[in-house]
Amino acid sequence: MEDPIQLKEEGNKYFQANDYERAAQSYTQAMKLNKDKALQAVLYRNRAACFLKKEEYAKAASDASRAIDINSSDIKALYRRSQALEKLGKLDQAFKDAQKCATIEPRNKNFQETLRRLGANIQEKLRIQFSTDLRVQKMFEILLDENSDKEKREKAANNLIILGREEAGAERIFQNNGVSLLLQLIETKDPELVLAAVRTLSEMCTGHKARATAILHYLGIDNICMWMSVDNEEISLAVCSLLQAITDCLLGQGKEEHHGKEEAVVLDTKKDLRMITMRLLDMLVSKKVSGQGRDRALNLLNKNIPRKDLKDHDNSRTIFVIDNGLKKILKVVGQIPELPDCLPLTENTQLSASVLLNKLYDDLRCDPERDNYRVICEEYIKSKVDPQDMDKTLHAIQMVSGVLQGPFDLGNKLLGMKGVMEMMVALCGSEREIDQLVAVEALIHASTKLSRATFIISNGVALLKEIYKKTKNEKIKIRALVGLCKLGSAGGTDYGLRQFAEGSTEKLAKQCRKWLCNASIDVRTRRWAVEGMSYLTLDADVKDDFVEDEPALQAMLELAKTSDKTILYSVASVLVNCTNSYDTKELVPELVQLAKFSKQHVPEEHPKDKKDFVVKRVKRLLKAGVVSALACMVKADSAILTDQSKELIARVFLALCEDPKDRGTIVAEGGGKALIPLALEGTEVGKIKASHALAKIAAISNPDMAFPGERVYEVVRPLVSLLNTERDGLQNYEALLGLTNFSGRSDKLRMKIVKEKALPDIENYMFENHDQLRQAATECMCNLVVNKEVQERFVADGNDRLKLVVLLCGEDDEKVQVAAAGALAMLTAAQKKLCSKMTEVTTQWLEILQRLCLHDNVEVQHRGLVIAFNLINADKDLAKKLVETELLEILTYIGKQEDPKKQHIINVAHDCLTRCMDYGLIKPLSQA
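Residues numbered from 1 in each chain as written. Predicted model: local features only at pLDDT ≥ 70, side-chain atom pairs only at ≥ 80, totals over all residues. Heavy atoms only, no water.

Draft legend 1. Highlighting the overall build of the protein chain. For the protein chain, the helix and strand inventory stands at 52 helices and zero strands. Principal-axis analysis of the C-alpha atoms places the extent of the protein chain at approximately 115 × 75 × 70 Å. Across the 928 residues of the protein chain, 53% fall into the buried class. Accessible area of the protein chain: about 44,600 Å², with a carbon and sulfur share of 50%. Taking the 134 positively charged and 134 negatively charged side chains of the protein chain as two groups, their mean positions are separated by 2 Å. (Helix = DSSP H or I, 4+ residues; strand = E, 2+ residues; numbered from the N terminus. Buried < 20%, exposed > 50% of the residue type's maximum accessible area, 1.4 Å probe, protein only. Areas by Shrake-Rupley, 256 points an atom, 1.4 Å probe, with all protein chains shown as cover. Lys, Arg positive; Asp, Glu negative; His and termini not counted. Charge placed at Lys NZ, Arg CZ, Asp CG, Glu CD.)

Below is the structure:
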């Protein structure tokens, strides 16, 4: 068993070495073994000091309190608790502790100063609190007074929202009966006031679990859902944000902050979460709920029910929704807008419901759970099939269609249910247009993936051709055509696997483009034309013709900007196909020969899929304004913007950023801003592609222009994520260029790069054999060493950082030398310790320094002389060591030169010699 006193001493050593994490661990271990009360108090107060250094103030206050419980006059513990409480904003409690310290040691100037500072801060806080209370009161008076001037009311509403954003302001509103007054504002039903009240409540709930729970109970979930159900997009969206803020707090997500005693109160949130979930599920099938409201409910369920991380084993929320609400989601999916009994829907509702079905299915952990899901679907669909009631049967087919757009494997099983396929075929032959419409859409959704679509290919083509020829209804005609497009593109990009006769694909595409340009056709039907193009553009002739057809291209991009988000995936697919940004397998020539010899099929590349054709298409898309359309698509706050859609958009952006000349246009049209969310969330591939596109922009753009304001700090993490050996060399290189550009802008950006733990990766690339990577990493480090924290890492014992920089100064690669010498010059100027350390890290230091001072490149020579001056200036003994070497001759030789172009170099040599004279190490020539 280890000795607690030894562990305490070990902790003290770690603390002195600034290793607070290990110090805290040693103290914790000692606490477990210790039986002595006095020692226990010391251990608690020491661990409190560690927590203070780690900025974990709630833990620091707790440990200091335990030490004080053992010894009430422990002055160190009292002072540490005072410091922690001050940081937690509890100034009055901090003042009491500081007062006790001053009573015990009245002559301690530190305690007196702390008391003065805390006293002044408390006075200021009271003044602000008093003025805040008055402001809150005044704002509510203006807002609730019907005779108030409109402009005054709007200003008061905005001020209230801003106040709600600050912790102190939110607490004052809450304490001054603000929630009740905000409820009065909502009850006025004036849209402006309702919006202001809901947004203020939303800010007040963010990151504060206790307040969010209290607001939820006071307002009532029924009221919140009722407000979200209104047919006003802005209000519905604002209420949705409020409910999301409350849910984030209940789930323990978002910017949860420490609020002292509140942390000790355990709030049981499961009951509240279930209540919210049940009300959202009820909203899905209520006729009183607007289409907007239904969309918001689906979005909230999509966002909060499935697990964020599959490593988390608890999928109880998903199981709860399947057991209590799967039939309700299926009912939404099975709605037919053309029938009179349809629930109020928007163009996005049913696809959002299909996405939810898919997310719930993917969140299941085992076969019994998936079987239960399937059985519920099958039973519900069977209950809808009624040969006597065609409308009821239509709903059943529409449900299968909706499931096929969600969990496709389950949809396939449902297709295999007795009578479903026959029903679809029968509906295709029906006289009623609505029957044909639903059946054709179901056929289209069923024809996915080559292997699965064999039944459809053998039977569906004939059916769809028949409908296409016979029907006079454009809506049905276009859908039948999309079905044919989908079946015809089953061979993908393989030129040799075409389903239809030569020229048929181009004819289908021409018809789709014609419909796309026809503004008299409704948006929902034109959407199907884009869907058709998403399959047909796998053919290189079609994509080439499409980008040449300016009206059709513009029509598609305009549709992408509308409120109809169901089009996102199709538009993104068309653009991926046109830019060839899909993954392609490289063909190994030997294997191709082998395949031909064994008479196997070999994929063929279309001549128009070659690079020069792709480049032309990219230029045409940029000219047509594709970037603003993509930026619009990314803004969609909807579950329909799935991770797969985000990945497609990221692929397109990366293809557009290929040519450095185009990157300015992409930034100007909002591409830089749009890429940030794509790089932070989505599929792994999507995040990498978006991060790479950001790196391409960051490498050559002015960060202040490309990512204005605080946005630039969000770009650092995606760039750092590319500094990974799993990424390719180009991604590493462009990420390093981007970080070099950023680190040259401001110390705040340098700090952000350090916080994202990029330094070890940058150092690794400084060891790289690849010249360009080594150069980029060294240039990045050259910019970063201006930062104090980076300098301290070089000063710290037990690392080879300085040695690496010194050795890089001796490299043959001139660009690496410039960067390394620049870094060394800045380090030795900022930290005198590094001057003596430089002479110890390698025996070659002097030779390298002399080579720098005699270098042909003026930039390298200047940096070498600055390093020499820093060493001489740092210490007389070091200067003496240098004077005794050939360096004195080199400095004298440079000092005697008379070249106006090298004047700045000659000046540094003069400074070196002057400093040596000041030390009395050398004499002026006249005295020598």
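Draft legend 2. Representation of the packing of aromatic side chains in the model. Under the definition given, this model contains four aromatic pairs. Aromatic pair Phe15 and Tyr20: ring centres 5.2 Å apart, planes at 65°, arrangement edge-to-face. Plain terms: the ring middles of Tyr79 and Phe111 are 5.2 Å apart, the flat faces sit at 50° to each other, and that makes the pair tilted. Here Tyr79 is found in helix H5 (residues 75–87), whereas its partner Phe111 is found in helix H7 (residues 109–144), with 32 residues between them in sequence. Phe111 carries the same exposure label as Tyr79, and that label is buried. Of note, Lys616 hangs over the ring of Phe613, and the distance from its end group to the ring centre comes to 5.7 Å. (Phe/Tyr/Trp six-rings, centres within 6.5 Å; stacked < 30°, edge-to-face > 60°. Lys NZ or Arg CZ within 6 Å of the ring centre and 35° of its normal.)

Draft legend 3. Representation of the pattern of salt bridges in the model. Going through the model one piece at a time under the given rule, you end up with 47 salt bridges. Glu710 is the salt-bridge partner of Lys748, the closest N and O atoms lying 3.9 Å from each other. Taken together, the positions of Lys748 in helix H41 (residues 747–755) and Glu710 in the loop between helix H38 (703–706) and helix H39 (711–721) put the pair 38 residues apart, joining distant regions of the chain. Using a relative accessible area of 54% as the deciding quantity, one classes Glu710 as exposed. Among the salt bridges present, the one from Arg915 reaches Asp918, with a minimum N-O distance of 3.7 Å. Here Arg915 pairs with Asp918, and both are found in helix H52 (residues 903–919), just three residues apart, close to one helical turn. Residue Asp918 is classed as exposed on the basis of its relative accessible area, which comes to 55%. One salt-bridge network, held together by shared partners, links Glu21, Lys54, Glu56 and Lys59. (Salt bridge = Lys/Arg side-chain N within 4 Å of Asp/Glu carboxyl O.)

Draft legend 4. Region of the structure containing the environment of Arg651. Note on placement: Arg651 falls in helix H34 (residues 643–656). Arg651 gets classed as buried once you look at its relative accessible area, which sits at 6%. Put simply, Arg651 and Lys687 are 36 residues apart on the chain and 9.7 Å apart in space, counted from C-alpha to C-alpha. The contact partners of Arg651, leaving out residues within four places of it in the chain, are Val576, Ser581, Tyr582, Asp583, Val685 and Lys689. Reaching out from Arg651, the side chain makes a polar contact with the backbone oxygen of Ser581 at a distance of 3.0 Å. (Contact = heavy atoms within 4.5 Å. Polar contact = N/O pair within 3.5 Å; in protein donor to acceptor, adjacent residues only side chain to side chain.)

Draft legend 5. Geometry of the side chain of His445. One can find His445 in helix H23 (residues 433–446). Ignoring any residue separated from it by four or fewer positions in sequence, one finds His445 in contact with Ser401, Leu404, Gln405, Phe408, Lys486 and Trp528.

Draft legend 6. Representation of the packing of helix H11 (residues 191–205) against helix H14 (residues 233–251) in the model. It is the contact of H11 with H14, at a shortest axis distance of 9 Å, that shows an interaxial angle of 15°. In terms of orientation, H11 lies roughly parallel with respect to H14. Where H11 crosses over H14, the two elements pack in a sense that is left-handed. Residues Pro191, Val194, Leu195, Val198, Arg199, Leu201, Ser202 and Cys205 of H11 pack against Glu234, Ile235, Ala238, Val239, Ser241, Leu242, Ala245, Ile246 and Cys249 of H14. Across the contact of H11 with H14, the residue classes break down as 13 nonpolar, two polar and two charged. (Axes fitted to C-alpha atoms, helices over the stretch in contact; angles between N-to-C directions. Parallel < 35°, antiparallel > 145°, perpendicular 65-115°, else oblique. Left-handed = near helix turned anticlockwise from the far one by under 90°. Nonpolar A, V, L, I, M, F, W, Y, C, P; charged D, E, K, R; others polar.)

Draft legend 7. View of the state of the cysteines. Under the defined criterion, the tally for this structure stands at zero disulfides. Free cysteine Cys377: the closest other cysteine sulfur is in Cys366, separated by 16 Å. (Disulfide = S-S within 2.5 Å.)

Draft legend 8. Structural view of the environment of Ile476. In this fold, Ile476 is placed in helix H25 (residues 474–488). Taking relative accessible area as the criterion, Ile476 reaches 0% and is therefore assigned buried. Sequence separation between Ile476 and Gly325 is 151 residues; the distance between their C-alpha atoms is 33 Å.

Draft legend 9. The arrangement of helix H9 (residues 167–175) in detail. Those residues of H9 that sit buried are Gly169, Ala170, Arg172 and Ile173. Buried residues of H9, viewed axially, fall in a sector of 160°; they line one side. Just downstream of H9, Asn177 is the residue with a positive phi angle, here 60°. (Arc of directions from axis to C-beta.)

Draft legend 10. Representation of H11. Between its first and last C-alpha, H11 extends 21 Å over 15 residues, near the 21 Å set by a 1.5 Å rise per residue. Most of H11 is tucked away, with eleven of its 15 residues classed as buried. At the N-terminal boundary of H11, the capping side chain belongs to Asp190, with an oxygen 3.0 Å from the backbone nitrogen of Glu192. Of the residues one or two after H11, Gly207 is the one with positive phi, at around 75°. (Expected span 1.5 Å × (residues − 1).)

Draft legend 11. Structural context of the side chain of Thr114. Its location among the elements puts Thr114 in helix H7. Residue classification places Thr114 among the buried residues on the basis of a relative accessible area of 2%. Separated by 3.3 Å, the side chains of Thr114 and Tyr79 make a polar contact. Here Thr114 is in contact with Tyr79 and Ala98, once residues within four sequence places are set aside.

Draft legend 12. Inspection of the nonpolar core at higher detail. Counting 264 residues, the largest nonpolar core has Tyr373, Met556, Phe653, Leu656, Phe707, Phe742 and Ile762 as the members making the most contacts within it. It is H14 that provides the largest number of residues to this core, a total of ten residues. Those residues in contact with Phe653, other than ones at most four positions away along the chain, are Val627, Leu630, Ile666, Gly671, Ala674, Leu675, Leu678 and Ala693. Within the second largest apolar cluster, 33 residues are counted, among which are Ala24, Leu39, Ala61 and Ile75. (Core = buried A, V, L, I, M, F, W, Y, C linked by side-chain atoms within 4.5 Å.)

Draft legend 13. How the structure looks around the confidence of the model for the protein chain. Across the protein chain, the average pLDDT comes to 84, with 91% of residues at 70 or higher. Counted against residues more than four places away or in other chains, residues 255–266, with its pLDDT under 50, gives 20 contacts. Low confidence marks residues 449–453, where pLDDT is under 50. Its contacts with residues over four positions away, or in another chain, come to eight contacts. (pLDDT = per-residue confidence, 0-100.)

Draft legend 14. Spotlight on the packing of helix H19 (residues 367–384) against helix H20 (residues 390–404). Here H19 crosses H20 at 155°, and the two axes come no closer than 7 Å. In terms of orientation, H19 and H20 fall into the roughly antiparallel class. Here Tyr380, Ile381, Ser383 and Lys384 of H19 lie close against H20, whose contacting residues are Lys392, Thr393, Ala396, Met399 and Val400. Looking at the contact of H19 with H20 residue by residue, the classes come out as five nonpolar, two polar and two charged.

Draft legend 15. Spatial organisation of unusual backbone geometry. The backbone phi angle of Asn18 is positive, close to 65°, even though this residue is not glycine. Take Asn18: it is sitting in the loop between helix H1 (4–16) and helix H2 (20–33). For Asn18, a relative accessible area of 52% gives the class exposed. The backbone of Asn580 shows a phi angle near 55°, a positive value even though the residue is not glycine. Looking at Asn580, the relative accessible area reads 18%, which means it is buried.

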